[in-house]
Amino acid sequence: MAEIASLSAAVADLVRDGDVVALEGFTHLIPVAAGHEIIRQRRRELTLVRMTPDIVYDQLIGAGCARKLIFSWGGNPGVGSLHRFRDAVQHGWPVPLEIEEHSHAGMANRYVAGASGLPFAVLRGYVGTDLPNVTDTIKPITCPFTGETLTAVPAINPDVAIVHAQRADRAGNVQMWGLVGVQKEAVLAARRSLVTVEEVVDELEPVPGGMVLPSWAVDRVAEVPGGAHPSYAQGYSERDNAYYAAWDTISRDRDEFERWVERVRSGEVVRAS
Amino acid sequence: MAEIASLSAAVADLVRDGDVVALEGFTHLIPVAAGHEIIRQRRRELTLVRMTPDIVYDQLIGAGCARKLIFSWGGNPGVGSLHRFRDAVQHGWPVPLEIEEHSHAGMANRYVAGASGLPFAVLRGYVGTDLPNVTDTIKPITCPFTGETLTAVPAINPDVAIVHAQRADRAGNVQMWGLVGVQKEAVLAARRSLVTVEEVVDELEPVPGGMVLPSWAVDRVAEVPGGAHPSYAQGYSERDNAYYAAWDTISRDRDEFERWVERVRSGEVVRAS
Amino acid sequence: MSTYTADEMMSVAAARALSGGQRCFVGIGLPSTAANLARRTHAPDLVLIYESGALGSKPDWLPASIGDGILAETADAVIGVPEVFNYWLQPGRIDVGFLGAAQLDKFGNINTTVIGDDYANPKVRLPGAGGAPEIAANCHEVYVVVRQSKRSFVDQVDFVTSYGHGRGNGERERLGLRGAGPTLVITDLGVFRPDPDTHELVLTAVHPGVTVEQVREATGWELRVADELATTPTPTSDELAALRALKEASSS
Amino acid sequence: MSTYTADEMMSVAAARALSGGQRCFVGIGLPSTAANLARRTHAPDLVLIYESGALGSKPDWLPASIGDGILAETADAVIGVPEVFNYWLQPGRIDVGFLGAAQLDKFGNINTTVIGDDYANPKVRLPGAGGAPEIAANCHEVYVVVRQSKRSFVDQVDFVTSYGHGRGNGERERLGLRGAGPTLVITDLGVFRPDPDTHELVLTAVHPGVTVEQVREATGWELRVADELATTPTPTSDELAALRALKEASSS
């Protein structure tokens, strides 16, 4: 059963140096505040997993929390590049960043396999591309019925998955709606899980398009209103497009970025702002 | 784009002798009226696919429409055996019935593979059972990453899938909610598809737990209120448990069953009743 | 003390085996009766999972089928059937798989496929596997509830639909199956548990008024009896009242 | 005639390539602009599919990202990301994949991964693959929209992120890829189509006022020009009005 905890206690309990950690949320419902808490707690040597590492991963990478990134698209959506990510890959700053690179279809299926208790997934993917030449977690597999060759990718089973959702009830059942990405799969694939929510309510009113994760499939729930900012929570907030643009400036310069990290560490930046 | 048609025209257009046909619906939303229309149109030599062949398949088998059944559980749920199914398997009446037998997990994954454009699916299943000894569509497969042996089953891609849903709009977009079984997978796996609906409406109001199949993924929509009887359509009708019990009597005796078929053929039984 | 039937004793004994907070994958019929009774008596927070796609159902009456509307309407979450098997059952998230059986053998293997030794020409064609093979494989443990007779309780099943302990002696582990398999069998006569070494089912308790001789008569193999044979406590009036209320509500 | 920019010409030309009723898998940026413009002008029943899980979105303004709320709120159906790729893209249900590119080569191969020939030590680290490799593989055909320069239009991409026609001459078919691959490339200078035999991209149209020499200057390989070179019709005032209204609404 999920325990309702503070964000800092939940991150302290669940996230350890060296862990494989997935903060998921496909543009919508990105658990940014939890990422900041990881920076604040100075976690190190994490293997970060995420289909679309965007600014929250740029922040974690720039703050030196990560030694490896498993991903399929790393950019500032609608704006451009991730400068901290590029700096880490191109110049090893602040620490070298190993990368394991897939496509979205491959990553989504890796989570599905992880959630399904299978060691691998099968897809029609990567054929003809250079990705199998640089990523050793892409292999051919033969259909035992037709003889056709397809592509296999291994399951992802993070030590910890963190997602953001709209609501939880006091028993820790979690409800989310709108674009739900691979959040359910990430939670189910992980050994431990934390869900930050906009609010904890007495009862989860059913919502069109809503999905419920039962309390017994989640370890911790933390109430963090606005915890997805500058991403959004449908029904609670709008995407802050201006912040994504502003991040381009903050992140372009190492010194300016480090001042931002200091603000996070001092507790001044509680949400992305 | 789905064309809105009468049930008889849709079945005449889509279902041909010798086809592989899946009528899906997991206890809820079973397309019974469409099954009766297939009996009325005297289709022959069908390979019938269904996870839970219950009374609608008992009827199709007894009426001599089928030469083969691919399934995972054949019974009258909550009542007992399917007498027409047993008679066909044990005595070849009215025609012999070949069977291909799986588990629910295997069948569900066969539909998933079919819907996904993959030739096979992988699961942890069948291990230690006698099913692989009698069913040749169950094979071992090795994980290319861990070396572990798992089980593979081939995709199901029916010629025609038929499901029942609560509503469609005039453009042919289909909406269903409640227990949705493998209905989406069956439609997406099939070459042609028919959805019978309780009603065609001007606009699909979003519903909690609702799922929409876009018009362009469906071939025909037919308005058949009560078309799931004696199964039910959540929000429209209740399961007719008495009818399931009554079927036990009708189906136990060949003559009584044949009188029932005549009533269907004469158009007297439009719904199961 | 009120009177009760052997079936009621069986349902009560099966219900008692479940404890609060457990996640229980429920087959229809006897298992569903027992699981719902447990939820209405000593285990209100038992989590019921039905293969039709209902996670955490809280029905007020006994559903006639695994797809009754009441299961979806009272569920914490309603999901598609592929997700039930792939995301919830297969990874080992379910504590107890609660199954029935047409035939059960000495090592807890279950047959719900055919009676007779020729699959192609069966004496009796049964419904088939349903969800049971993977429930038996992937739940942490399996409880079986079955009415006992020489016909249903056999030395070796005609067809292994759901694997129990094979021919015993650790075969199950050698096949790489993750769950512990059948750890408890509850019948209308008594309770059986597998021997820890051989995995043969051993009679560990008889229901009140049942003799070992009666159980032996209804067992198709040479019955082993535990050194310390228990007697099941009789159903309490609360248990019987709850069971009868569940059944009454479902038939009304 | 109103004046317009080269980018506007490119978006209008790209929009015109789409026709009503087509199912279009839309990347963000230039492809999304073109697809939404098509829906607001000549192809109102174009079906827009975004990898974030929105099937049939009908946004009133240009979304800043593939996950904007407007995409979910106006969609026919909202689904999870695994389902987008497995149930909708992979089986070949989508007519057109509309992609951008950082680098595009003579055979329509796309690079969005790294600039430079050492993957481990790239000159420029780009965002990576996203959904593009499987969009390029599994849509019936692929349209690419890209601003053209000698840097972006190269003889051979540094990294094949999304496979076009390989090194040409039917390589794509031999790999067993089901979709036809890139059949149309629209730039700010003109329009390219693959030669039916060699699959090399050939200039088939120039935008008004653009010379073949200008296109040649902005092409990193020895440019081939179609025998019958067309000139793109200038944007109509309706097209420009619709495009500007879309952009205005999105920045307000």
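Colleague: Explain the packing of helix 1 (residues 7-14) of chain B against helix 2 (residues 32-40) of chain B here, please?
Modeller: Each pair of packed helices can be summarised by the angle the axes make with each other and by the distance between the axes. Residues and elements named next belong to chain B. With their axes 10 Å apart at the nearest point, helix 1 and helix 2 run at an angle of 65 degrees to one another. The hand of the helix 1/helix 2 crossing is right-handed. Of the residues in helix 2, those touching helix 1 at Leu7, Ser8 and Val11 are Ala33, Ala34, Glu37 and Ile38.

Colleague: Looking at this model, I keep getting lost on a negative patch on the surface. Mind explaining?
Modeller: Negative charge collects at one region of the surface, where Asp253, Asp255, Glu256, Glu258 and Glu262 of chain B lie side by side. Examined against the element boundaries, aspartate 255 of chain B turns out to sit in helix 9 (residues 254-265).

Colleague: Before we go on, may I ask you to explain the domain arrangement of chain A in this structure?
Modeller: How big an interface is tends to be reported as the loss of accessible area on association of its parts. The assigned domain composition of chain A is domain 1 (3-102 + 157-260) and domain 2 (120-154). Relative placement of domain 1 of chain A and domain 2 of chain A: their C-alpha centres are 29 Å apart.

Colleague: Looking at this structure, I do not really get the packing of aromatic side chains. What am I missing?
Modeller: How two aromatic rings sit relative to each other is given by the distance of their centres and the angle of their planes. Per the stated rule, a full pass over the model turns up 23 aromatic pairs over all chains. Ring centres of phenylalanine 257 of chain A and tryptophan 260 of chain A lie 6.0 Å apart, and the angle between their planes is 25 degrees; on these two criteria the pair is classed as stacked. Placement of the pair is phenylalanine 257 of chain A and tryptophan 260 of chain A together in helix 9 (residues 254-265), with a separation of 3 residues, close to one helical turn. The class of tryptophan 260 of chain A is buried, set by a relative accessible area of 2%. On the numbers, 5.1 Å between centres and 55 degrees between planes, the contact of phenylalanine 153 of chain D with phenylalanine 192 of chain D is tilted.

Colleague: Explain the interface of chain B and chain D to me, please; I cannot follow it from the model alone.
Modeller: Tallying the contact residues gives 13 residues for chain B and 16 residues for chain D. For chain B, the biggest contributors to the area lost against chain D are Ser116, Leu188 and Trp216 of chain B; these three give 49% of the whole. At the surface where chain B touches chain D, the tally comes to 1 salt bridge. We note a salt bridge from glutamate 83 of chain D to lysine 184 of chain B, for which the minimum N-O separation is 2.6 Å. Summed over the shared surface of chain B and chain D, the number is 5 residue pairs in polar contact (both at pLDDT 80 or more). Among the elements of the structure, helix 5 (104-115), helix 7 (183-189) and strand 12 (211-213) of chain B are those that each provide at least two residues to the side of chain B that touches chain D. Counting residues per element, the side of chain B that touches chain D draws most heavily on helix 7 of chain B, at 3 residues. Looking at side-chain class alone, the side of chain B that touches chain D contains 9 nonpolar, 2 polar and 2 charged residues.

Colleague: What am I meant to see in the interface of chain C and chain B here?
Modeller: With 43 residues of chain C at the interface, the matching set in chain B holds 44 residues. Counting across the chain C and chain B interface gives 2 salt bridges. In this structure, the salt-bridge partner of aspartate 68 of chain C is arginine 239 of chain B, at a minimum N-O distance of 4.0 Å. Elements with a minimum of two residues in the side of chain C that touches chain B: helix 3 (69-73), helix 4 (81-89), strand 9 (124-125) and helix 5 (132-138) of chain C.

Colleague: Just to check I follow, could you spell out helix 4 (residues 83-91) of chain A for this structure?
Modeller: Those residues of helix 4 of chain A not exposed but buried are His83, Arg84, Phe85, Asp87, Ala88 and Val89 of chain A. Those residues of helix 4 of chain A hidden inside the fold are in contact with helix 3 (55-62), strand 4 (66-71), strand 5 (98-101), helix 8 (241-252) and helix 9 of chain A together with strand 9 (124-125) of chain D. The positive-phi residue at the C-terminal boundary of helix 4 of chain A is glycine 92 of chain A, with phi of around 65 degrees.

Colleague: How should the pairing of strand 3 (residues 46-50) of chain A be read in this particular structure?
Modeller: Consecutive side chains along a regular strand alternate between the two faces of the sheet. Residues and elements named next belong to chain A. Within strand 3, 5 of the 5 residues are buried, leaving the element largely enclosed by the surrounding structure. Because side chains alternate across strand 3, one face comprises the buried residues Leu46, Leu48 and Arg50, and the other comprises Thr47 and Val49, equally buried. Here strand 2 (residues 20-23) pairs with strand 3 via 3 bridges, running parallel. The residue bridging valine 21 from the neighbouring strand is leucine 48, located in strand 3. Regarding the hand of the β-α-β motif, the stretch spanning strand 3, helix 3 and strand 4 is right-handed.

Analysis parameters
- Residues numbered from 1 in each chain as written.
- Chains lettered and ligands numbered in written order.
- Predicted model: local features only at pLDDT ≥ 70, side-chain atom pairs only at ≥ 80, totals over all residues.
- Heavy atoms only, no water.
- Axes fitted to C-alpha atoms, helices over the stretch in contact; angles between N-to-C directions.
- Helix = DSSP H or I, 4+ residues; strand = E, 2+ residues; numbered from the N terminus.
- Left-handed = near helix turned anticlockwise from the far one by under 90°.
- Contact = heavy atoms within 4.5 Å.
- Patch = residues over 30% accessible without salt bridge, like charges linked within 9 Å, V, L, I, M, F, W, Y side chains within 5 Å.
- Areas by Shrake-Rupley, 256 points an atom, 1.4 Å probe, with all protein chains shown as cover.
- Salt bridge = Lys/Arg side-chain N within 4 Å of Asp/Glu carboxyl O.
- Lys, Arg positive; Asp, Glu negative; His and termini not counted.
- Charge placed at Lys NZ, Arg CZ, Asp CG, Glu CD.
- Domains from an automatic or database assignment.
- Phe/Tyr/Trp six-rings, centres within 6.5 Å; stacked < 30°, edge-to-face > 60°.
- Buried < 20%, exposed > 50% of the residue type's maximum accessible area, 1.4 Å probe, protein only.
- Buried area = accessible area lost by both parts, 1.4 Å probe.
- Polar contact = N/O pair within 3.5 Å; in protein donor to acceptor, adjacent residues only side chain to side chain.
- Nonpolar A, V, L, I, M, F, W, Y, C, P; charged D, E, K, R; others polar.
- Pairing = 2+ DSSP bridges.
- Right-handed = clockwise from strand over helix to strand, strands pointing away.

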